[in-house]
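The residues making up each chain are set out below.
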Amino acid sequence: MVEFTLEPFANDTFKLLKSLKENQVEVKGIYYIPLSQQEIADINKMSKLKTNRLLRDLIEGGFVCPYQNKRGKYEITEKGHKVLRLIQKKNA
């Protein structure tokens with residue numbers, strides 16, 4: 001089993017991941033984020049460049065993945081949901 005630390009999520013990365021969760025839509029029981037990187041950047045008051053970098057880090061870490069390999073649509077993985085639950089539990 002691979003262990004991971006929550007340390008990278010104590011900053012804008014967590015803010016972005018949390019924002020993605022809050023902006024998911026449900027279609028036929030499947031949740032995904034239909035926002036462009038510019039829309040995600042605007043919602044989080046970040047530059048598109050920073051948003052792109054953070055999203056790339058989340059994807060490379062296995063916390064977010066492209067939804068059905070479509071450009072501009074994202075899905076939070078089980079690993080990403082686990083991080084959100086752990087951080088929210090810690091902050092409770």
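Residues numbered from 1 in each chain as written. Predicted model: local features only at pLDDT ≥ 70, side-chain atom pairs only at ≥ 80, totals over all residues. Heavy atoms only, no water.

The name given to the protein chain in an unreviewed UniProt entry is ArnR1-like winged helix-turn-helix domain-containing protein, with Streptococcus criceti HS-6 as the source organism.

Counted at 1.5 Å a residue, the expected span for helix H3 (residues 48-60) with its 13 residues is 18 Å, and the 18 Å between its end C-alpha atoms agrees. Inspection of H3 places Thr51, Leu54, Leu55 and Leu58 among the buried residues, and these make up the whole buried set. Buried residues of H3, seen end-on, are gathered within an arc of 100° and therefore sit on one face of the element. Every exposed residue of H3 that faces more than 90 degrees away from the buried side is listed here: Leu49 and Glu60. In this structure, the buried side of H3 is in contact with helix H1 (12-22), helix H2 (37-43), strand E3 (64-66) and strand E4 (74-76). Of the residues flanking the end of H3, it is Gly62, one or two places downstream, whose phi is positive at about 85°. (Helix = DSSP H or I, 4+ residues; strand = E, 2+ residues; numbered from the N terminus. Expected span 1.5 Å × (residues − 1). Buried < 20%, exposed > 50% of the residue type's maximum accessible area, 1.4 Å probe, protein only. Arc of directions from axis to C-beta. Contact = heavy atoms within 4.5 Å.)

Right, let's get into the nonpolar core. Core analysis: the biggest nonpolar cluster contains 18 residues, and Leu17, Leu20, Ile40 and Leu58 have the highest contact counts within it. Listing elements by their share of this core, those giving two or more residues are H1, H3, E4 and helix H4 (78-91). If you tally residues by element for this core, the top one is H1, at 4 residues. For Ile40, the residues in contact, after removing those within four places along its chain, are Leu16, Leu20, Leu35, Thr51, Leu55 and Tyr74. (Core = buried A, V, L, I, M, F, W, Y, C linked by side-chain atoms within 4.5 Å.)

Here the focus is unusual backbone geometry. In the Ramachandran plot, Lys45 falls in the positive-phi region, its phi being about 55° despite a non-glycine side chain. Looking at where Lys45 falls in the secondary structure, it is placed in the loop between H2 and H3. One non-glycine residue, Asn69, adopts positive backbone phi at about 55°. Counting through the fold element by element, Asn69 comes out in the loop between E3 and E4.

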